[in-house]
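# Structural features, examined
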Amino acid sequence: MSIDFKEFFGPGNDITPTRVEPNLQLILENFMAGIQQRQIGFLPRSSGGRLWWYGFAPTARQQRETLAILDSWIGPTFSDLPRHRGALNPADPFDAALAKATVKPLRFEVLPRPTADSEDWKRARGQVRDALLVLSKLLNGRPPSEFDAPRTTVEVLDDLGHAIAARDRTVALACLRELEATADLDRSNLAFLRLRLFAGLEDWKAVLGDRDLDHVLAMRRPLSVTQVIQQAVYARWFAPHDAAGKEEELLGAVAALPAALRPLFSGTPTTSRAQAVVEFLIAVQGDAGDDTLNRLLDEAGTIEPGLPAHLRNVLHLHREQTPQLTAPSEPPALLDQPGAPSESPLERATGMMARGELQAAIELVLTLEPSLHAAYLLLTCARDLQSPQQATLALEYISTHHLHDLIEGASARLRDDLAWLEQFTQDGPHPDWRTWLDALDGDHGGAALAAGPEITDGWTPLSSSALTAWLHDASDETLGKLGELGGQFMAAHRDIFTEDGAAELSERVLAGLALSGKNSAGVRVQTQALLDYLLSANPASAVFASALEWTDLIVSANVSAVTTTWAIDILQTATATAAAATSPATVDFFYKTTKLVRPFKTALDPTGIEAIKLIAGELGVGVPEDLLADQVQDADPGAPYRYLQDSKVVLYSLTESATTRAAQILRILVPKIDIETSAEHDGSSKLAAQAANADVFVVVTASAKHAATDFITAKRGMRPVVLVNSRGSSAILRELAEG
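A quick note: this is a predicted structure, and the numbers were derived from the prediction, not measured.

Another aspect to go through is the overall build of the protein chain. Of the regular secondary structure elements, the protein chain holds 42 helices and seven strands. Judged by the C-alpha coordinates and their principal axes, the protein chain covers about 115 × 60 × 55 Å. Of all 739 residues assigned to the protein chain, the portion counted as buried reaches 51%. Pairs at least 24 residues apart make up 70% of the contacts formed inside the protein chain by residues separated by at least 6 positions. A total accessible area of about 33200 Å² is found for the protein chain, and carbon and sulfur atoms account for 52% of it. Mean positive and mean negative side-chain charge positions of the protein chain (65 and 95 charges, respectively) differ by 10 Å.

Below, the structure written as structure tokens:
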């Protein structure tokens with residue numbers, strides 16, 4: 001809070017802190033110090049024989065809370081609070097300067113005013129001052145709420161998973177900062193988490209711009225992290241040429257790839273077009289062996305039918321451009337060239353490992369005489385490849401040839417790799433999402449529940465049918481465990497919930513979140529996202545009504561003075577669709593939600609009140625009077641948006657409930673605003689026209705494909721795009737309020 005105390009105790013204020021009695025001087029110093037530390041504080045002003053106190057709060061929510069408490073502590077007995085509700089006097093030049101603050105201070109006059117017989121006035125002055133002193137100590141000295149209390153690393157990671165699943169950048173980054181501040185994670189693990197987070201948000205620019213990327217590239221890293229960087233490289237250098245079928249441009253792009261990114265070749269089986277293209281291009285540029293190229297072409301064929309031919313054309317072009325390295329007259333069938341005759345088999349295997357041809361290196365070493373060098377190659381390749389089959393073969397070779405003692409006497413790294421290999425190849429199924437779900441159900445695989453993101457990121461997501469069957473059969477107890485621990489699981493399976501017809505799946509997970517009774521930022525953003533998915537999938541009436549009942553339980557567990565905005569967002573989302581208009585459950589949900597936020601009514605912001613009034617009008621019900629009674633008289637909810645008057649504004653999101661509600665509220669608050677909402681897919685002529693013609697264009701990145709965002713940005717040219725990183729209409733309004 002930036003307050004100019006010299007100005008406050010200047011013209012218009014007869015009080016000079018250095019000239020008051022010592023005890024009052026100490027009180028003023030404490031108040032000023034607290035205000036500077038973003039605490040609630042009070043400062044007096046005397047003028048013309050009258051006395052006012054000004055209350056300073058760091059946030060609008062705390063300002064509203066302070067006003068409500070002042071009603072009880074000062075009230076009508078000693079102040080004009082019932083009449084002016086703490087509002088500044090715009091006709092007073094002293095107040096006009098204070099009104100420019102982001103959070104306007106509260107003002108009230110001490111009553112009764114002084115008279116000839118001023119004993120009552122003196123008593124009032126003293127009692128108000130003492131009350132404010134005690135009040136400020138109580139407010140500033142209260143313990144942090146459970147929403148601010150320190151959390152375990154497991155709890156934060158769970159919220160991080162929910163935030164990634166919901167594409168909520170704000171909450172995800174807050175979780176990451178919390179981990180950086182409190183968790184016992186080293187620089188590498190934090191970098192891995194950060195890269196996974198950016199990948200979950202599909203922010204490939206952030207991946208390539210990460211401050212520790214060079215550090216990560218230079219070290220041994222999990223395969224999942226390598227694949228994240230590969231995806232970012234594909235998006236930055238290869239995707240446009242690949243999509244357009246421009247093979248010569250692809251060769252030029254890989255030639256221009258920074259040297260630090262060349263070691264991205266992993267040698268592991270590819271499962272996506274991006275991985276296949278990146279691995280093949282780097283292999284071609286590095287003149288990889290024929291076995292590797294043939295393997296990559298075979299894998300490309302299982303990903304997309306036309307991809308092998310596309311990549312072969314790239315290879316042909318490369319050979320035409322570099323004839324000295326290949327035999328140009330020979331067709332691709334000559335990919336089976338042997339290594340240089342002067343190389344020993346171990347040297348050849350070492351070269352394969354250096355080029356990332358891990359499987360081929362293992363297969364070659366298995367045919368050689370045992371040695372420490374051979375063990376080194378097997379252990380290194382097996383750990384990087386993480387293939388159960390190859391790992392088993394490597395361990396069998398080491399055991400058969402009695403190499404354990406040799407390894408134990410070697411370096412710590414080899415001993416560590418051997419311990420990993422023995423653990424990786426132990427009996428029993430390897431943990432995966434199926435064993436994780438079995439552990440939730442209490443069957444077996446309890447160790448799976450303890451797996452962190454560094455392990456679960458490597459697990460293959462369940463199919464839609466498998467996930468649907470499990471959710472359908474899960475008991476309430478198991479669903480509750482999913483709601484308590486399911487952040488990473490939801491992050492891995494987000495795409496299934498966004499498919500058409502997946503309304504019942506979202507309803508089941510909402511049930512899990514409700515049954516868990518958990519309150520956290522992750523649960524809140526996941527609830528918002530699941531409601532979006534459910535309503536976009538045109539739910540049956542029974543599914544919609546059930547979802548509202550579970551959501552009511554979630555809101556009940558999560559509502560507080562700091563989450564009322566989220567609760568109102570949930571209410572807006574749930575009532576903004578055709579399903580809501582025809583369901584009798586909607587009115588019941590409205591009353592339940594307004595009842596839940598009523599104890600925290602002082603934390604409601606003006607746009608939240610407007611939203612409640614809007615929904616009440618749609619439903620044909622009344623707004624509880626007490627929700628409107630304590631609003632500050634001079635509060636103008638439309639003031640932050642006045643700059644949008646006479647402007648054309650477009651709000652873009654693939655889930656329309658939030659943009660619909662934000663547009664409705666802005667039409668109420670801003671006269672003559674021309675506002676549209678859009679959920680067009682990228683590349684449409686309508687979206688191009690909207691992007692080109694809007695004065696202000698808002699994109700909810702949490703519910704927009706990157707291709708659409710890039711399309712809109714390109715059509716906007718030099719004009720900015722307002723990016724909103726969270727779902728819900730309040731996030732849109734908050735970004736627009738900040739201009």
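Our next topic: the sheet that holds strand 3 (residues 106-109). Pairing in this open sheet of three strands is antiparallel, and the strands run 1-2-3 from one edge to the other. Strands at the two margins of the open sheet, each flanked by one partner only, are strand 1 (41-47) and strand 3. Between one strand and the next, the sheet's axes are offset by a mean angle of 25°, whatever the strand orientation. With four bridges joining them, strand 2 (residues 50-56) and strand 3 adopt antiparallel strand pairing. Its bridge partner lying in strand 3, Trp52 is registered against Glu109. Sitting on the sheet, helix 3 (residues 60-73) touches strand 1 and strand 3, and the angle it makes with strand 3 is about 20°. Strands in contact with helix 7 (residues 119-141) are strand 1, strand 2 and strand 3; relative to strand 2, the strand with the most contacts, it is inclined by about 5°.

Quick look at the pairing of strand 5 (residues 674-678) now. Sheet topology note: the strand 4 (residues 648-652)/strand 5 ladder contains five bridges and is parallel. Paired with Val649 across the bridge in strand 5 is Ile675. In terms of handedness, the path from strand 4 via helix 39 (residues 656-669) over to strand 5 forms a crossover that is right-handed.

The subject of this paragraph is helix 14 (residues 247-255). Buried within helix 14 we find Glu247, Leu250, Leu251, Ala253 and Val254. Buried residues in helix 14, looked at end-on, bunch into an arc of 160°, giving them a common side. Packing partners of the buried residues in helix 14 comprise helix 13 (223-243), helix 15 (273-285) and helix 17 (307-321).

What follows concerns helix 27 (residues 464-473). If you check which residues of helix 27 are buried, you get Leu467, Trp470 and Leu471. Looking down the long axis of helix 27, one finds its buried residues gathered within 95° of arc, a one-sided arrangement. Away from its buried face, by an angle of more than 90 degrees, helix 27 presents the exposed residues Ser465, His472 and Asp473. Looking at the buried residues of helix 27, the elements they touch are helix 24 (433-440), helix 28 (476-485), helix 29 (487-492), helix 30 (494-497) and helix 31 (503-516).

Here the focus is the pattern of salt bridges. When the charged atoms of two side chains lie near each other, side chains of opposite charge can form a pair. Enumeration over the complete set of coordinates arrives at 35 salt bridges. For the salt bridge of Asp588 with Lys592, the shortest nitrogen-to-oxygen distance reads 3.3 Å. Placement of both Asp588 and Lys592 in helix 36 (residues 585-597) is noted, with a separation of four residues, approximately one turn of the helix. Overlapping salt bridges, with partners in common, bring together Glu180, Arg187, Arg194, Asp210, Arg211 and Asp212 in one network.

Here Ile362 is to be found in helix 19 (residues 358-365). Considered as a pair, Ile362 and Ile15 are 347 residues apart in the sequence and their alpha carbons are 84 Å apart. Sequence-distant contacts of Ile362, that is, excluding residues within four places in its chain, are made with Leu378, Cys381, Ala382, Leu385 and Gln390.

Rules and cut-offs
Residues numbered from 1 in each chain as written. Predicted model: local features only at pLDDT ≥ 70, side-chain atom pairs only at ≥ 80, totals over all residues. Heavy atoms only, no water. Helix = DSSP H or I, 4+ residues; strand = E, 2+ residues; numbered from the N terminus. Buried < 20%, exposed > 50% of the residue type's maximum accessible area, 1.4 Å probe, protein only. Contact = heavy atoms within 4.5 Å. Areas by Shrake-Rupley, 256 points an atom, 1.4 Å probe, with all protein chains shown as cover. Lys, Arg positive; Asp, Glu negative; His and termini not counted. Charge placed at Lys NZ, Arg CZ, Asp CG, Glu CD. Pairing = 2+ DSSP bridges. Axes fitted to C-alpha atoms, helices over the stretch in contact; angles between N-to-C directions. Right-handed = clockwise from strand over helix to strand, strands pointing away. Arc of directions from axis to C-beta. Salt bridge = Lys/Arg side-chain N within 4 Å of Asp/Glu carboxyl O.

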